[in-house]
Amino acid sequence: DQQVKQNSPSLSVQEGRISILNCDYTNSMFDYFLWYKKYPAEGPTFLISISSIKDKNEDGRFTVFLNKSAKHLSLHIVPSQPGDSAVYFCAARDISNFGNEKLTFGTGTRLTIIP
Amino acid sequence: EAGVAQSPRYKIIEKRQSVAFWCNPISGHATLYWYQQILGQGPKLLIQFQNNGVVDDSQLPKDRFSAERLKGVDSTLKIQPAKLEDSAVYLCASSLEGWRYTGELFFGEGSRLTVL
């Protein structure tokens, strides 16, 4: 079962505009949510995270919003830049097994910024 | 600070052959993970080590995959015999442990395996 879902495989956005990437989850035991960014031929790199006790976290051009009642989170990038073109993975930490907290990844969204 | 090192970067083998991947985590990171990423999918955890002990290997196909982490530092992942569906990128990652762990993993560049 896919506990973390990214329903948009790809997204194209004009440079300078806002990019919004979405993620839905089903597991109520997720307590921490993260976004990873991946360039071709490289490993994913951590971008930004949010605890389940918050609804917003901001870091420069990147903001993550969490709506716990809807089990939905989103990543906003503003303004979008060509270097933001990458695959973005949503991930969530499961705390149901203390001492063995698992990280579950979504399938990714390929973001293309059009100059 | 050196990142997670992996080798080889690319490997092409015939089905039923064997292959091994090597990983050296970030110094001081006690937790090491092997993930499998099939094209078009997100990374899937294969095995997690805490120092040199296995924490979770529930998704490791143990009939053909094996992994070890001797002395709690380097790790190797082996596939024998390989199947066509094992074609994927094998990602090694490490993290801080305990209360400091928030899900932030540090990934290597990955080892891309193609099984013909």
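Residues numbered from 1 in each chain as written. Chains lettered and ligands numbered in written order. Predicted model: local features only at pLDDT ≥ 70, side-chain atom pairs only at ≥ 80, totals over all residues. Heavy atoms only, no water.

All right, on to the overall build of chain A then. When helices and strands are counted, chain A shows zero helices and eleven strands. If you list the helices and strands of chain A from N to C, you get β-β-β-β-β-β-β-β-β-β-β. In summary, chain A has a C-alpha radius of gyration of 14 Å against a globular reference of 13 Å for 115 residues, a match within 12%. Taken over the C-alpha atoms alone, chain A extends approximately 45 × 30 × 20 Å along its principal axes. Expressed as a percentage of its 115 residues, the buried residues of chain A come to 47%. Of the contacts formed within chain A by residues at least 6 apart in sequence, a portion of 55% connects residues at least 24 apart. By element, 49% of the accessible surface of chain A is carried by carbon and sulfur atoms, the whole surface being about 5,600 Å². Between the averaged position of the 12 positive side-chain charges in chain A and that of its 11 negative side-chain charges there is a distance of 2 Å. (Helix = DSSP H or I, 4+ residues; strand = E, 2+ residues; numbered from the N terminus. Rg over C-alpha atoms; globule rule 2.2 N^0.38 Å. Buried < 20%, exposed > 50% of the residue type's maximum accessible area, 1.4 Å probe, protein only. Contact = heavy atoms within 4.5 Å. Areas by Shrake-Rupley, 256 points an atom, 1.4 Å probe, with all protein chains shown as cover. Lys, Arg positive; Asp, Glu negative; His and termini not counted. Charge placed at Lys NZ, Arg CZ, Asp CG, Glu CD.)

Residues and elements named next belong to chain A. Reading across the sheet, the five strands line up as 1-3-8-7-6 and stay open at both edges, with antiparallel pairing between neighbours. The sheet is open, and its two borders are formed by strand 1 (4-5) and strand 6 (56-59), each paired with just one other strand. With six bridges connecting them, strand 3 (residues 19-25) and strand 8 (residues 72-77) associate as antiparallel partners. Its bridge partner being in strand 8, Asp24 is matched across the sheet by His72. (Pairing = 2+ DSSP bridges.)

Bringing the nonpolar core into the picture now. Residue and element names in this part refer to chain A. Ranked by size, the top nonpolar core spans 23 residues in total, and within it Phe33, Trp35, Leu73, Leu75 and Tyr88 carry the most contacts. Those elements that place two or more of their residues in this core are strand 3, strand 4 (30-38), strand 5 (45-51), strand 7 (62-67), strand 8, strand 9 (86-94) and strand 11 (109-114). A per-element tally of this core places strand 9 first, with four residues. Not counting residues up to four positions away in its chain, the partners in contact with Phe33 are Tyr25, Ile48, Ser49, Ile50, Ser52, Leu66, Leu73, Ala91 and Ala92. (Core = buried A, V, L, I, M, F, W, Y, C linked by side-chain atoms within 4.5 Å.)

All names here are of chain A. Evaluated as defined, the whole model comprises seven salt bridges over all chains. The partner of Asp84 in a salt bridge is Lys37, and the shortest N-O contact between them spans 4.0 Å. Placement of the pair is Asp84 in the loop between strand 8 and strand 9 and Lys37 in strand 4, with a sequence separation of 47 residues. When the shortest N-O distance is used, the salt bridge between Asp84 and Arg61 registers 2.8 Å. Separated by 23 residues along the polypeptide, Asp84 in the loop between strand 8 and strand 9 and Arg61 in the loop between strand 6 and strand 7 bring together distant segments of the chain. Judged by relative accessible area, which is 2%, Asp84 ranks as buried. (Salt bridge = Lys/Arg side-chain N within 4 Å of Asp/Glu carboxyl O.)

With that settled, consider the interface of chain B and chain A. Taken together, the contacts link 21 residues of chain B with 19 residues of chain A. Between chain B and chain A lies a buried interface of about 1,600 Å² when both sides are counted; carbon and sulfur atoms form 54% of it. Connecting chain B to chain A are two residue pairs in polar contact (both at pLDDT 80 or more). Among the secondary structure elements, those contributing two or more residues to the side of chain B that touches chain A are strand 4 (31-37) and strand 6 (53-56) of chain B. (Buried area = accessible area lost by both parts, 1.4 Å probe. Polar contact = N/O pair within 3.5 Å; in protein donor to acceptor, adjacent residues only side chain to side chain.)

Nonpolar side chains collect at one region of the surface, where Ile18, Ile20 and Val78 of chain A lie side by side and expose about 230 Å² of accessible area between them. Take Ile20 of chain A: it is sitting in strand 3. (Patch = residues over 30% accessible without salt bridge, like charges linked within 9 Å, V, L, I, M, F, W, Y side chains within 5 Å.)

What follows is about unusual backbone geometry. Cis geometry is found at the peptide bond from Val78 of chain A to Pro79 of chain A, where omega equals -5°. Structurally, Pro79 of chain A is set in the loop between strand 8 and strand 9. Between Ser7 of chain B and the following residue, Pro8 of chain B, the backbone shows a cis peptide bond with an omega angle of -10°. Relative to the assigned elements, Pro8 of chain B resides in the loop between strand 1 (5-7) and strand 2 (10-13).

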